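These are the residues of each chain, in order.
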Amino acid sequence: MSDTQTLIENRPPSVATLFLERVAQTPNAEAYRYPVPAASGQGPDDWKSLSWSQAAERVYAIAAGLIDLGVQAEQRVALASATRVEWILVDLGVMCAGAATTTIYPQTNAEESAFILSDSESRVLIAEDATQLAKARERRAELPDLHHVVVLDAAGIEEGAEDDPEGWVVTLADLEARGAAYLEKHPEAVKERVAAITAEQLATLIYTSGTTGRPKGVRLPHDNWSYMAKAIAGTGLISADDVQYLWLPLAHVFGKVLTSGQIEVGHVTAVDGRIDKIIVNLPVVQPTYMAAVPRIFEKVYNGVAAKAREAGGAKYKIFQWAAEVAREYAKVTQDNFRRTGTASAPFALTAQHKIADALVYKKLRDAFGGRLRAAVSGSVALAPDIGYFFSGAGIHILEGYGLTETSAASFVNPGEAYRTGTVGKPLPGCEVRIADDGEILLRGPGVMEGYHGLPEKTAEVLESDGWFHTGDIGELSADGYLRITDRKKDLFKTSGGKYVAPTEIEGQFKAVCPFVSNIVVLGADRNYCSALIALDEPAILGWAAENGLGGKSYAEVVGSPQADALIQGYVERLNEGLQRWQTIKKFRLLPRDLDVEHGELTPSLKMKRPVVERTYKHLIEEMYAGAREA
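Bear in mind that the values here come from a model prediction, so they are computed numbers and not experimental data. (Residues numbered from 1 in each chain as written. Predicted model: local features only at pLDDT ≥ 70, side-chain atom pairs only at ≥ 80, totals over all residues. Heavy atoms only, no water.)

Before we move on, can you summarise the sheet that holds strand β26 (residues 584-589) with the specific residues and values?
Sheet architecture is open: three strands sit in the order β24-β25-β26, paired in mixed fashion. Strands at the two margins of the open sheet, each flanked by one partner only, are β24 (516-522) and β26. Neighbouring strand axes in the sheet, compared pairwise and without regard to direction, differ in orientation by 25 degrees on average. One ladder, built from six bridges, connects β24 with strand β25 (residues 529-535); its direction is antiparallel. (Pairing = 2+ DSSP bridges. Helix = DSSP H or I, 4+ residues; strand = E, 2+ residues; numbered from the N terminus. Axes fitted to C-alpha atoms, helices over the stretch in contact; angles between N-to-C directions.)

Shown next, in the form of structure tokens:
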């Protein structure tokens with residue numbers, strides 16, 4: 001038996017146990033960094049640190065405070081907050097109290113928040129601020145199980161408090177003080193709760209943001225997270241010397257799993273969920289690894305291309321040349337590593353790469369903090385050409401794959417042996433097989449217990465022998481690398497009987513066109529494919545300023561004949577590499593980008609195709625008006 005198998009098979013029942021072990025092993029080591037805005041409100045943030053023992057003091061106080069509020073094992077404590085260090089401390093506090101965290105995105109509206117609180121029977125809500133508290137107050141009559149709301153940021157919570165029952169709203173500081181007092185009387189209370197946790201006990205309830213109907217609560221027991229912690233450590237991708245930059249939504253399973261691996265390994269995590277601060281924070285934090293969704297890498301690529309274009313013809317030509325060198329270098333070195341175990345390239349290509357590195361790539365690496373060893377990408381597919389560009393530039397993007405129902409991480413690319421365009425190999429302990437129709441099936445300790453209160457829905461995806469139906473279509477290489485080709489439900493057939501995988505075409509277009517933000521390929525039961533295209537606002541406005549459209553709004557620019565002609569050229573370039581039935585015959589530019597606020601993207605930036613198609617039904621009908629259906 002390998003060391004990794006031993007680690008996994010001998011895992012403790014919970015991450016709460018792992019946390020206590022981590023605190024005992026390295027009490028004085030740095031655990032978390034977090035930003036504190038400058039007192040003046042201007043200037044750079046001041047970054048503070050918590051050691052493992054300092055984090056534990058707060059976690060134990062939160063856990064004891066919840067116990068004092070009457071929270072019992074497996075009872076739900078909801079958490080509605082953006083990513084911040086308190087999110088992690090509260091989640092650990094909930095786990096150490098033996099309770100279960102129900103995650104709610106801060107963008108979730110009052111109606112859906114109330115549904116999640118009610119369906120999960122949450123007894124306590126941890127609300128980030130007055131905005132999150134107001135949602136609970138608005139629907140309080142529908143929430144008889146909700147006994148308390150704990151607010152992280154107390155500013156403004158008095159407004160509307162006249163209708164609150166006594167003791168219904170408390171601050172996090174009050175909860176911690178209450179917990180500290182409880183621990184003085186019952187010093188072993190938290191450790192006793194942790195010792196009583198069983199592997200099968202519910203740890204987390206995460207509601208999937210479905211494209212239709214109510215979200216489903218995914219039940220993830222403590223064993224899922226304990227397994228994930230050991231399996232991530234077993235990959236060897238992270239070490240105690242790492243610094244992770246964590247900005248992903250912790251309400252999402254991808255963000256949440258990163259906290260489990262960190263506790264097992266013991267490295268530093270810098271936490272700040274403000275997306276608008278990523279570019280500012282990276283040179284300050286200087287992470288050695290981070291996780292992101294493809295949209296971040298696409299925006300960086302588009303931004304770099306736009307800057308080069310603005311700098312003038314010569315610099316743009318240098319960037320375009322360097323980008324092609326990066327892609328070629330990445331493809332050659334990855335292929336050689338696969339065949340020989342050495343990431344080598346021919347002398348001429350290596351010489352070109354060295355020049356391009358000095359001119360372009362080093363600046364790009366510096367923008368990521370200069371120490372980034374690897375970035376993990378997940379949630380949706382990364383366009384391979386963008387992956388190859390970053391790979392060749394020395395920013396190694398390790399694509400991974402998993403679902404909420406499999407505790408986020410089922411596959412990840414293995415370090416130096418990563419292959420762009422694949423999601424790598426299964427984590428230790430995860431089994432995979434491809435069904436006759438191409439669907440990916442997974443089995444292992446990361447798979448959910450089921451959907452909360454929905455046994456019929458559970459039975460639709462989870463077989464009695466443990467195999468989970470992912471709904472994704474994929475291919476396994478002879479040596480175990482998985483390539484995702486599309487979502488099973490997104491595949492469509494044209495009226496001519498040809499199958500089309502829209503995600504694959506969309507990814508190719510993102511690599512071809514530096515102005516695109518989102519693209520939706522359509523064509524189900526039609527005799528040709530079409531597309532709705534949303535452009536990246538900074539990139540297209542930069543182009544507009546250089547092409548006689550300066551000063552116009554985004555909507556005016558995308559509505560212009562010049563922008564239409566620009567994108568037409570990229571669509572033609574895309575079509576050159578597609579089969580005839582896949583080619584985009586018509587497209588429409590959208591008057592604004594897709595976003596979370598209008599319900600077209602999930603908080604993890606996955607596209608909700610049915611919502612987009614409903615919103616822009618008139619444009620779709622326009623593209624097919626008068627078309628002869630075969």
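Describe the confidence of the model for the protein, with residues and values.
Atom-level detail of predicted coordinates should not be read off regions where pLDDT is low. Averaged over all residues, the pLDDT of the protein is 91; the fraction at 70 or higher stands at 97%. Within the protein, helix α1 (residues 3-9) has the poorest average pLDDT of any element, 75, and helix α3 (residues 52-68) the best, 98. (pLDDT = per-residue confidence, 0-100.)

I'd like a rundown of the pattern of salt bridges, residues and numbers included.
Per the stated rule, a full pass over the model turns up 37 salt bridges. Its salt-bridge partner being Asp-153, residue Arg-84 comes within 2.9 Å of it at the nearest N-O pair. Of this pair, Arg-84 sits in the loop between β3 (76-80) and α4 (85-96) while Asp-153 sits in the loop between β6 (148-151) and β7 (169-171); the two residues are 69 residues apart in sequence, bridging distant segments of the chain. Note that Arg-295 is salt-bridged to Asp-536, the shortest N-O span being 3.3 Å. With Arg-295 in helix α12 (residues 294-310) and Asp-536 in the loop between β25 and α18 (537-546), this pair connects stretches of sequence that are 241 residues apart. Neither Arg-295 nor Asp-536 differs from the other in exposure class; each is buried. (Salt bridge = Lys/Arg side-chain N within 4 Å of Asp/Glu carboxyl O. Buried < 20%, exposed > 50% of the residue type's maximum accessible area, 1.4 Å probe, protein only.)

Describe in detail the side chain of Gln-244, supporting the description with residues and values.
The topology assignment puts Gln-244 in strand β10 (residues 243-246). Residue Gln-244 is classed as buried on the basis of its relative accessible area, which comes to 0%. Among the polar contacts listed, one links the side chain of Gln-244 to the side chain of Thr-269, at a separation of 2.9 Å. (Polar contact = N/O pair within 3.5 Å; in protein donor to acceptor, adjacent residues only side chain to side chain.)

Residue-level account of the nonpolar core, with values.
Counting 135 residues, the largest nonpolar core has Phe-19, Tyr-32 and Phe-390 as the members making the most contacts within it. Tallying contributions element by element places α3 first for this core, with 10 residues. When near neighbours in sequence (up to four residues on either side) are disregarded, Phe-390 contacts Phe-297, Val-300, Tyr-301, Leu-364, Phe-368, Ile-395 and Ile-397. Of all hydrophobic cores here, the second largest spans 48 residues; its members include Val-516, Ala-534, Ile-567 and Val-571. (Core = buried A, V, L, I, M, F, W, Y, C linked by side-chain atoms within 4.5 Å. Contact = heavy atoms within 4.5 Å.)

Pulling in residues and values, what's your account of the packing of aromatic side chains?
Taken as a whole and assessed by the stated rule, the structure comprises 12 aromatic pairs. Ring geometry for Phe-297 and Phe-390: centres 5.8 Å apart, planes at 65 degrees, overall edge-to-face. Within this pair, whereas Phe-297 is found in helix α12, its partner Phe-390 is found in helix α15 (residues 384-392), the two being separated by 93 residues in sequence. We classify Phe-297 as buried; its relative accessible area is 0%. Above the face of the Trp-168 ring, Arg-140 is positioned so that its terminal group lies 5.2 Å from the ring centre. Its end group placed over the ring of Trp-581, Lys-498 keeps NZ or CZ at 4.4 Å from the ring centre. (Phe/Tyr/Trp six-rings, centres within 6.5 Å; stacked < 30°, edge-to-face > 60°. Lys NZ or Arg CZ within 6 Å of the ring centre and 35° of its normal.)

Which residues make up the pairing of strand β17 (residues 431-434), and what values go with them?
Bridging between β17 and strand β18 (residues 439-443) involves four bridges; their strand directions are antiparallel. Residue pairing in the sheet places Arg-433 in a bridge with Leu-441 of β18. Where β17 folds back onto β18 in an antiparallel hairpin, the turn is made up of four residues, including Gly-438, whose phi is positive at roughly 90 degrees.

A description of the side chain of Ser-122 should follow, citing residues and the corresponding values.
Within the secondary structure, Ser-122 is located in the loop between α5 (110-119) and β5 (124-127). Its relative accessible area of 1% is what places Ser-122 among the buried residues. For Ser-122, the side chain forms a polar contact with the side chain of Ser-120, separated by 2.7 Å. Sequence-distant contacts of Ser-122, that is, excluding residues within four places in its chain, are made with Arg-76, Ala-78, Thr-102, Leu-117, Asp-145 and Leu-146.

Please give an account of the sheet that holds β18 that cites residues and values.
Strands belonging to one sheet form pairs held by backbone hydrogen bonds; the direction of such a pair is parallel or antiparallel. Pairing within the open sheet is antiparallel, and its four strands lie in the order β17-β18-β20-β21. Strands at the two margins of the open sheet, each flanked by one partner only, are β17 and β21 (482-487). Put simply, the sheet's adjacent strands are angled 50 degrees from each other on average, direction ignored. As paired strands, strand β20 (residues 468-476) and β21 are joined by five bridges and run antiparallel to one another. Residue pairing across strands places Gly-474 opposite Ile-484, the latter belonging to β21.

Quick rundown of unusual backbone geometry? Include the residues and the values.
In this structure, Glu-121 is a non-glycine residue whose phi angle is positive, near 55 degrees. Here Ser-407, not a glycine, exhibits a phi torsion of approximately 60 degrees, which is positive. Note on placement: Ser-407 falls in the loop between β14 (397-401) and β15 (411-412). Residue classification places Ser-407 among the buried positions, given a relative accessible area of 0%.

Any details on the packing of helix α13 (residues 313-340) against helix α14 (residues 347-367)? Residues and values, ideally.
Remark: α13 packs on α14, axes separated minimally by 9 Å, with the N-to-C direction vectors making an angle of 130 degrees. Between α13 and α14, the angle is such that the two are oblique. When the axes of α13 and α14 are compared, the crossing they make is left-handed. Of α14, the residues touching α13 (which contributes Ile-318, Phe-319, Trp-321, Ala-322, Val-325, Ala-326, Glu-328, Tyr-329 and Val-332) are Leu-349, Thr-350, Gln-352, His-353, Ile-355, Ala-356, Leu-359, Val-360 and Tyr-361. Along the lines of polarity and charge, the residues of the contact of α13 with α14 split into 14 nonpolar, three polar and one charged. (Parallel < 35°, antiparallel > 145°, perpendicular 65-115°, else oblique. Left-handed = near helix turned anticlockwise from the far one by under 90°. Nonpolar A, V, L, I, M, F, W, Y, C, P; charged D, E, K, R; others polar.)

Outline helix α20 (residues 561-576), supporting the account with residue identities and numerical values.
Residue pairs three or four apart in sequence face the same way in an α-helix, which turns once every 3.6 residues. For α20, which comprises 16 residues, the first-to-last C-alpha distance of 23 Å matches the rise-based estimate of 22 Å (1.5 Å per residue) to within 8%. Where α20 is buried, its residues touch α17 (502-512), β25, α18, α19 (554-558) and β26. (Expected span 1.5 Å × (residues − 1).)

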